[in-house]
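# Tertiary structure, described
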Amino acid sequence: MAANTIDHNRTRQNFEGIDSVWLFGYGSLIYKVDFPFLEQKPATIRGWARRFWQGSHDHRGTPEAPGRVVTLIEQPGAVCKGMAFRVAPSVFEHLDVREKNGYLRFSTTMTFDDGGQAEGLVYIATEDNEAFLGEAPPADIARQIAQALGPSGPNTDYLLRLAESLRELGDQCDHTFAIESCLKEQLSSER
Ligand code: BEZ
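Owing to the predicted nature of the structure, the values given are computational and were not obtained by experimental measurement.

Right, let's talk about the side chain of D171 for a bit. One can find D171 in the loop between α5 (155-169) and α6 (174-190). Here the side chain of D171 touches R50 through a polar contact of 3.1 Å, side chain to side chain. Not counting residues within four places of it along the chain, the set of residues in contact with D171 comprises R50, K81, L166 and F177.

In structure tokens:
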């Protein structure tokens, strides 16, 4: 699948007659809320694990030196914690462009921390997209992140801000925290 997903996303859901849609955020959507929303609630989705397995050529890296950002990988029994936003359908026009590098909108069921469930959407970059990088040891991922810089800033900011936001949400994301601690170790041994 081509990395640019803007046109593909426009064909995926029909929002005709719909006033609002729940959107589940598990990555930069948690801390970079540059879109209007009607409501916001911490939530979880089941069967998906957050992984730094997607390349970023347009935000946190370049085509020559891609950074790494998160996507979701199907994993039975996994629980991914994030933030749910109820948004107007027009918000997807902005987010489809912002998250155009391999992410498609999928339907999901989310469970709110305050009780109740809703059907909604989540952006996932699947393995068949051109920007997918896949699994690597945490220390290698941290090294790649330490070296990557793109139009949205250093890849390190993305990792550190996400880790901080997950702590604030009360999420114990071992994968993210392992990469964060490798990065901090590597940065301190460089000094
Ligand atoms: C998110 O934070 O949910 C998100 C992550 C990657 C791309 C789009 C959205």
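Once the structure has been displayed, the description carries forward.
Attention shifts here to the nonpolar core. Core analysis: the largest hydrophobic core is formed by 50 residues, its most contacted members being F24, Y26, F52, F92, M110 and L162. If one sorts the elements of this core by residue count, strand β3 (residues 67-87) sits on top with nine residues.

Neighbouring the ligand are the residues F24, G25, Y26, G27, S28, L29, E99, Y103 and Y123. Y26 has a polar backbone atom sitting 2.9 Å from an oxygen atom of the ligand. G27 has a polar backbone atom sitting 2.6 Å from an oxygen atom of the ligand. Coverage of the ligand by the protein chains reaches 99% of its 260 Å² of free accessible surface. Those elements that provide at least two residues to the shell around the ligand are β1 (21-25) and α2 (28-31).

Further remarks concern helix α3 (residues 91-98). Of all the positions in α3, only V91, F92, L95, D96 and R98 are classed as buried. Looking down the long axis of α3, one finds its buried residues gathered within 165° of arc, a one-sided arrangement. Buried-residue contacts for α3 involve α1 (6-10), β1, α2, β3, β4 (103-112) and β5 (117-125).

Turning to the packing of aromatic side chains, a few remarks are in order. Under the definition given, this model contains seven aromatic pairs. Ring geometry for F15 and F92: centres 5.2 Å apart, planes at 20°, overall stacked. Highlighted residues: F15 in the loop between α1 and β1 and F92 in helix α3, separated in sequence by 77 residues. Exposure remark for F92: the relative accessible area of 1% places this residue in the buried category. Judged by centre distance (5.1 Å) and plane angle (80°), the ring pair of F35 and F85 falls under edge-to-face. Placement of the pair is F35 in the loop between α2 and β2 (39-56) and F85 in strand β3, with a sequence separation of 50 residues. Owing to a relative accessible area of 0%, F85 belongs among the buried residues under this scheme. Across from the ring centre of F177, 4.9 Å away, lies the NZ or CZ of R167, which sits over that ring.

Further remarks concern the sheet that holds β2. The sheet built from five strands closes into a barrel, its strands ordered β1-β3-β2-β4-β5 with mixed pairing. Taking each pair of neighbouring strands and ignoring which way they run, the sheet shows an average axis angle of 45°. Relative to β5, β4 is paired through nine bridges, and the arrangement is antiparallel. Directly across from T109, in β5, lies its bridge partner E119. Together, β1, β3, β4 and β5 form the strand contacts of α3, whose direction differs from that of β5 by roughly 30°. Of the strands in this sheet, β2 and β3 are in contact with helix α4 (residues 138-147), which crosses β3 at around 45°.

To continue, consider the pattern of salt bridges. For the coordinates displayed, the defined rule picks out eleven salt bridges. A salt bridge links R143 to D140; the nearest nitrogen and oxygen atoms lie 3.0 Å apart. A residue pair is termed a helical-turn pair when its members lie 3 or 4 positions apart in one helix, as R143 and D140 do in helix α4 at three residues. You can call R143 partly exposed: its relative accessible area is 41%. Each member of the salt-bridge network shares a partner with another, and the members are E164, R167, E180 and K184.

Moving on: the packing of α5 against α6. Look at α5 against α6: their axes get within 10 Å of each other, and the N-to-C directions meet at 130°. Between α5 and α6, the angle falls in the class oblique. Remark: the crossing between α5 and α6 carries left-handed chirality. Seen from α5, the contacting residues are T156, L159, L160, A163, L166 and R167; seen from α6, they are T176, F177, I179, E180, L183 and K184. Taken together, the residues of the contact of α5 with α6 sort by class into seven nonpolar, two polar and three charged.

Each value, and the rule that gives it
Residues numbered from 1 in each chain as written. Predicted model: local features only at pLDDT ≥ 70, side-chain atom pairs only at ≥ 80, totals over all residues. Heavy atoms only, no water. Helix = DSSP H or I, 4+ residues; strand = E, 2+ residues; numbered from the N terminus. Polar contact = N/O pair within 3.5 Å; in protein donor to acceptor, adjacent residues only side chain to side chain. Contact = heavy atoms within 4.5 Å. Core = buried A, V, L, I, M, F, W, Y, C linked by side-chain atoms within 4.5 Å. Buried < 20%, exposed > 50% of the residue type's maximum accessible area, 1.4 Å probe, protein only. Near = heavy atom within 4 Å. Areas by Shrake-Rupley, 256 points an atom, 1.4 Å probe, with all protein chains shown as cover. Arc of directions from axis to C-beta. Phe/Tyr/Trp six-rings, centres within 6.5 Å; stacked < 30°, edge-to-face > 60°. Lys NZ or Arg CZ within 6 Å of the ring centre and 35° of its normal. Pairing = 2+ DSSP bridges. Axes fitted to C-alpha atoms, helices over the stretch in contact; angles between N-to-C directions. Salt bridge = Lys/Arg side-chain N within 4 Å of Asp/Glu carboxyl O. Parallel < 35°, antiparallel > 145°, perpendicular 65-115°, else oblique. Left-handed = near helix turned anticlockwise from the far one by under 90°. Nonpolar A, V, L, I, M, F, W, Y, C, P; charged D, E, K, R; others polar.

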